[in-house]
Amino acid sequence: MSVVTFLTDYGLRDDFAGVCHGVIARIAPRARILDITHGVARHDVRSGALILRRAVPFMPAGVHLAVVDPQVGGRRRALALRCAAQDRLLVGPDNGLLAPLAERLGGVLQAVDIGCSPLRLEPLSASFHGRDVFAPVAAHLASGTPLADCGEPLDPAQLVALELPQARVEQDSIVAHVLTVDHYGNVALDVEHDELAASGLRLGREVAVNGRPALHAATFSDVPAGGLVLYEDGYGVLSVAVNRGSALHALGLELDAEVRIEPAP
Amino acid sequence: MSVVTFLTDYGLRDDFAGVCHGVIARIAPRARILDITHGVARHDVRSGALILRRAVPFMPAGVHLAVVDPQVGGRRRALALRCAAQDRLLVGPDNGLLAPLAERLGGVLQAVDIGCSPLRLEPLSASFHGRDVFAPVAAHLASGTPLADCGEPLDPAQLVALELPQARVEQDSIVAHVLTVDHYGNVALDVEHDELAASGLRLGREVAVNGRPALHAATFSDVPAGGLVLYEDGYGVLSVAVNRGSALHALGLELDAEVRIEPAP
Amino acid sequence: MSVVTFLTDYGLRDDFAGVCHGVIARIAPRARILDITHGVARHDVRSGALILRRAVPFMPAGVHLAVVDPQVGGRRRALALRCAAQDRLLVGPDNGLLAPLAERLGGVLQAVDIGCSPLRLEPLSASFHGRDVFAPVAAHLASGTPLADCGEPLDPAQLVALELPQARVEQDSIVAHVLTVDHYGNVALDVEHDELAASGLRLGREVAVNGRPALHAATFSDVPAGGLVLYEDGYGVLSVAVNRGSALHALGLELDAEVRIEPAP
């Protein structure tokens, strides 16, 4: 049984995600659809890209469909990609959404522009390419249609990349940035486990986060309720949380904001 | 494999939709359940009916279960219907929720009152007929139980209709109404593609929407962020949006509010 | 086909529930996953436990996975349990979440500590045991792995219980408590159908709820919009609602608050 994983910013209040399920089920009745989330913040391509990158390695191999598409109906390309690792296929808009995942999967072996795919639904709407372009192509791929039959070949070197902030080490502190935020208000930074190890910086148990005392520990429950904790999240990413609270609010942060981590004074 | 599609106003914070999935899976273990949405505004029968009508044509044929049921436990009837087109079956309360879809599917060939169905769960609750009446009947239909075995025959002419506002043409303007709103704040009007064509009205590229300048274009990305756009939505319905914003808030609208569209002055 | 039901407080805005689906699907590709809800209030073990207890009897028999886990990464145990009734298996943290359901299913026949299960994912994260411990064990159980192979045997008498408030009868009134609240603001009390019958108290049609007049009736639609109604909810639990409104707000209640029900003066 083939698998289609599905991530969007459609939310679940409307029928948009449900209708895409219907489109896929009509074309590929035997494919299983696994929703990663439809709760990406509206038009937040970067958060969608980062969630996709961290989630997909836990999903079965298959077709990975993702739609966060603020330029729908405009000139951005629509893509289907084959990646080096595990023969995974990616489908979505060419706005950087698929780029971090593709890189993690060993890079793109084959790229196809599906904007005018013979497999899209007609009449094509101007604003719902999830239903009319991306879901049909993903479903046909899940049914065994060869990638090359989905559209026009494209040079993988031409794909749109995703710009990400870059944490830096300054003397004995790290200047990181808010990369993503979950619905608890836990803040993930642009520092991964391996990067922290490679930086040579040794963080002790007592640290300061933007000047506020925090414990560098394994998880929330190592600090009392309301306490600030610096920890590695479930995906190996350096993160800041308030036990039973919101680090986002407690520290007054927003996406891309700087977060300075240094030894406690 | 048979399909049950499912739409309600239950939301996903509680277990109501999940329990109905369980009831269906126990009765019809091989049926596939496809959620259209459970995010219809509470008790908003009309929005539920319109979302159902536009979404179901994209879903596989099967049993289409819908529950938005403010009069549950009262005297409203409970229905199972067979429609003319594509042998689709509809299950839900007799409050207009199913009516627009049934009409789009060519009308009702056979109607059954399932309020006292022998297939309902006992003891019957007074307030959760989704679980006790509608889901079990939908599941039995998906398993092949004949419609006539689900309850008492009913004259299709007796079904409750749904009242909808009617857009009108006044000189060179359209006076339309807010029919539905999605979670982005995009506003769908009571004017469909074919109706606009038939009206004889020619809308230019520059229009006024309730006196405010707007572009009549294909999609959001044709206007700058914050710009107002009049467009045909993914379902062929004339709609108003603010690119990366909410037309609902920008224009101070609510359901049924009048929206006047005229050439730019 | 085996079934895994799934309840958490993860919400659907992030990828947490979706990633657990992926983990289960990789280990047990033929298991069907039925979401009960992921909308339990964050860290609200008691609401999770009560929703689980009422919902699971409507779900197919199988593995019942539940994660509301404020002490994740701390010293709380992780559990897999076999219950007396219907050969149902339960998986989740040992914080009372599974206790009311286990009791309703006839008690625990066999308990296993899965905190160091050989089936868990490595590297183990400190904060996402839903993905790394609970989902993998549930999936292996759904694939037929014997319970005893999932971890270390544990004495069922040692499991953490759940403390619940106890309604009492005072003269001709009931002093109950707010047990759970649904997203409509309907308030479920700690009085079930059988308990009310056994109390000997006869409630007439006109009652007072915290001093406010209410109708003791079958359902919402027995009172006008805005009216207060005392009724048995869909799960046989005495409840208070405002027709088309929120009883929680109208009465100024919160979890555990006392609710006095007496005959109308």
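Treat the numbers as computed from the prediction; the structure is a model and nothing was measured.

Conventions and cut-offs
- Residues numbered from 1 in each chain as written.
- Chains lettered and ligands numbered in written order.
- Predicted model: local features only at pLDDT ≥ 70, side-chain atom pairs only at ≥ 80, totals over all residues.
- Heavy atoms only, no water.
- Helix = DSSP H or I, 4+ residues; strand = E, 2+ residues; numbered from the N terminus.
- Rg over C-alpha atoms; globule rule 2.2 N^0.38 Å.
- Buried < 20%, exposed > 50% of the residue type's maximum accessible area, 1.4 Å probe, protein only.
- Contact = heavy atoms within 4.5 Å.
- Areas by Shrake-Rupley, 256 points an atom, 1.4 Å probe, with all protein chains shown as cover.
- Lys, Arg positive; Asp, Glu negative; His and termini not counted.
- Charge placed at Lys NZ, Arg CZ, Asp CG, Glu CD.
- Phe/Tyr/Trp six-rings, centres within 6.5 Å; stacked < 30°, edge-to-face > 60°.
- Lys NZ or Arg CZ within 6 Å of the ring centre and 35° of its normal.
- Pairing = 2+ DSSP bridges.
- Axes fitted to C-alpha atoms, helices over the stretch in contact; angles between N-to-C directions.
- Buried area = accessible area lost by both parts, 1.4 Å probe.
- Polar contact = N/O pair within 3.5 Å; in protein donor to acceptor, adjacent residues only side chain to side chain.
- Salt bridge = Lys/Arg side-chain N within 4 Å of Asp/Glu carboxyl O.
- Least-squares fit on C-alpha atoms with pLDDT ≥ 70 in both.
- Core = buried A, V, L, I, M, F, W, Y, C linked by side-chain atoms within 4.5 Å.
- Parallel < 35°, antiparallel > 145°, perpendicular 65-115°, else oblique.
- Left-handed = near helix turned anticlockwise from the far one by under 90°.

Engineer: Would you explain the overall build of chain A in this entry?
Structural biologist: Within chain A, the regular secondary structure consists of 6 helices and 15 strands. The C-alpha atoms of chain A give 20 Å as radius of gyration, which agrees with the globular expectation for 265 residues (18 Å, within 12%). Dimensions along the principal axes, computed over C-alpha positions, put chain A at roughly 65 × 35 × 35 Å. A burial count over chain A gives 60% of its 265 residues as buried. Put simply, of all contacts in chain A between residues at least 6 apart along the chain, 66% involve residues at least 24 apart. Carbon and sulfur atoms make up 50% of the accessible area of chain A, which amounts to about 10,400 Å² in all. Each charge class in chain A can be summarised by its mean position, and for the 22 positive and 31 negative side chains these summaries are 5 Å apart.

Engineer: For this particular structure, what's the right way to read the packing of aromatic side chains?
Structural biologist: Any aromatic ring pair is given by two values, namely how distant the centres are and how the planes are angled relative to each other. In the structure shown here, the tally under the stated rule is 18 aromatic pairs over all chains. Positioned above the aromatic ring of Y235 of chain B is the side chain of R131 of chain A, whose terminal nitrogen or guanidinium carbon lies 5.1 Å from the ring centre.

Engineer: Even after reading the chapter, I still don't get the sheet that holds strand 3 (residues 63-67) of chain B, so can you show me in this structure?
Structural biologist: Across a sheet, paired strands are connected by hydrogen bonds in the backbone, their directions being either parallel or antiparallel. Residues and elements named next belong to chain B. Pairing is mixed in the open sheet, where 7 strands are placed in the order 2-1-3-5-4-6-7. In this open sheet, the two strands that pair with only one neighbour each are strand 2 (32-37) and strand 7 (152-154). Neighbour-to-neighbour, the strand axes of the sheet open up by a mean angle of 25°, direction not taken into account. Each of strand 1 (3-8), strand 2 and strand 3 is contacted by helix 1 (residues 16-27), which is oriented at about 160° to strand 1, the strand it contacts most.

Engineer: Got a minute to help me understand the sheet that holds strand 1 (residues 3-8) of chain A in this structure?
Structural biologist: Residues and elements named next belong to chain A. Pairing is mixed across the open sheet formed by 7 strands, whose spatial order is 2-1-3-5-4-6-7. Each edge of the sheet is formed by a strand with only one pairing partner; in this case those strands are strand 2 (32-37) and strand 7 (152-154). Between one strand axis and the next, the sheet turns through 25° on average, direction left out of account. Looking at chain direction, strand 4 (residues 78-83) and strand 5 (residues 89-93) are connected through 5 bridges and run antiparallel. In the sheet register, A80 faces strand 5, and the bridge partner there is V91. In the packing of helix 1 (residues 16-27) onto the sheet, contacts are made with strand 1, strand 2 and strand 3 (63-67), and the angle to strand 1 comes to roughly 160°. Seen against the sheet, helix 4 (residues 129-142) touches strand 1, strand 3, strand 4 and strand 5 and runs at an angle of roughly 175° to strand 3.

Engineer: Quick question: what am I supposed to make of the interface of chain C and chain B here?
Structural biologist: Listed by partner, the interface residues are 33 residues for chain C and 31 residues for chain B. Both sides together, the interface formed by chain C and chain B hides about 2,500 Å², and carbon and sulfur atoms give 51% of it. Area buried by chain C at its contact with chain B is led by F58, H183 and Y184 of chain C, which between them contribute 25% of it. For the pair chain C and chain B, the number of links is 13 residue pairs in polar contact (both at pLDDT 80 or more). Of all the secondary-structure elements, those providing two or more residues to the side of chain C that touches chain B are strand 2 (32-37), helix 2 (45-55) and strand 13 (228-232) of chain C.

Engineer: Quick question: what am I supposed to make of the pattern of salt bridges here?
Structural biologist: Two side chains that carry opposite charge are able to pair once their charged atoms sit near each other. Tallied over the full model, the rule gives 33 salt bridges over all chains. Across the pair E170 of chain A and R168 of chain A runs a salt bridge whose closest N-O atoms are separated by 2.8 Å. For R46 of chain C, the salt bridge is made with D256 of chain C, and the minimal N-O distance between the two is 2.6 Å. A residue pair is termed long-range when its members are at least 10 positions apart, and R46 of chain C in helix 2 and D256 of chain C in the loop between helix 6 (247-250) and strand 15 (258-263) qualify at 210 residues. Salt bridges linked by common partners bring R168, E170, E258 and R260 of chain A together as one network.

Engineer: Quick question: what am I supposed to make of the relation of the copies chain B and chain A here?
Structural biologist: To go from the first copy of the chain to the second, apply a rotation about an axis and then a shift along the same axis. Superposition record for chain B on chain A: RMSD 0.0 Å, screw rotation 120°, translation along axis 0.0 Å. These values place the two chain copies in the arrangement generated by a three-fold rotation axis. Rotation axis and chain B: the residue whose C-alpha lies nearest the axis is L12 of chain B, separated from it by 5.1 Å. Counting the interface residues of chain B, we find that no more than 3% of their copies in chain A are interface residues as well, pointing to two distinct contact surfaces.

Engineer: Could you clarify how one ought to interpret the nonpolar core in this entry?
Structural biologist: Nonpolar side chains tend to gather and get buried jointly when the protein is soluble and globular. With 66 residues, the main nonpolar core has L65, V91, I114 and L141 of chain B as its most contacted residues. What L141 of chain B contacts, discounting residues up to four positions off in sequence, is V63, A80, L89, V91, P146, L147 and C150 of chain B. Within the second largest apolar cluster, 65 residues are counted, among which are A31 and L147 of chain A together with A49 and F58 of chain B.

Engineer: Teacher, can you tell me more about the packing of helix 1 of chain A against helix 4 of chain A here?
Structural biologist: Residues and elements named next belong to chain A. One way to put it is that helix 1 packs onto helix 4 with a least axis distance of 9 Å and a crossing angle of 40°. Considering their axes alone, helix 1 and helix 4 lie oblique with respect to each other. Relative to helix 4, the crossing made by helix 1 is right-handed. The segment helix 1 lies against helix 4, with V19, C20, V23, I24 and I27 engaging G130, R131, A135, P136, A139 and H140.

Engineer: Before we go on, may I ask you to explain the interface of chain B and chain A in this structure?
Structural biologist: Many descriptions give the size of an interface as the accessible area lost when the pieces come together. Facing the 32 residues of chain B at the interface are 31 residues of chain A. Of the roughly 2,500 Å² buried where chain B meets chain A, counting both sides, 52% is carbon and sulfur surface. For chain B, the biggest contributors to the area lost against chain A are F58, H183 and Y184 of chain B; these three give 25% of the whole. The partner of D15 of chain A in a salt bridge is R54 of chain B, with the nearest N and O atoms 2.5 Å apart. Applying the counting rule to chain B against chain A returns 13 residue pairs in polar contact (both at pLDDT 80 or more). Those elements that place two or more of their residues in the side of chain B that touches chain A are strand 2, helix 2 (45-55) and strand 13 (228-232) of chain B.

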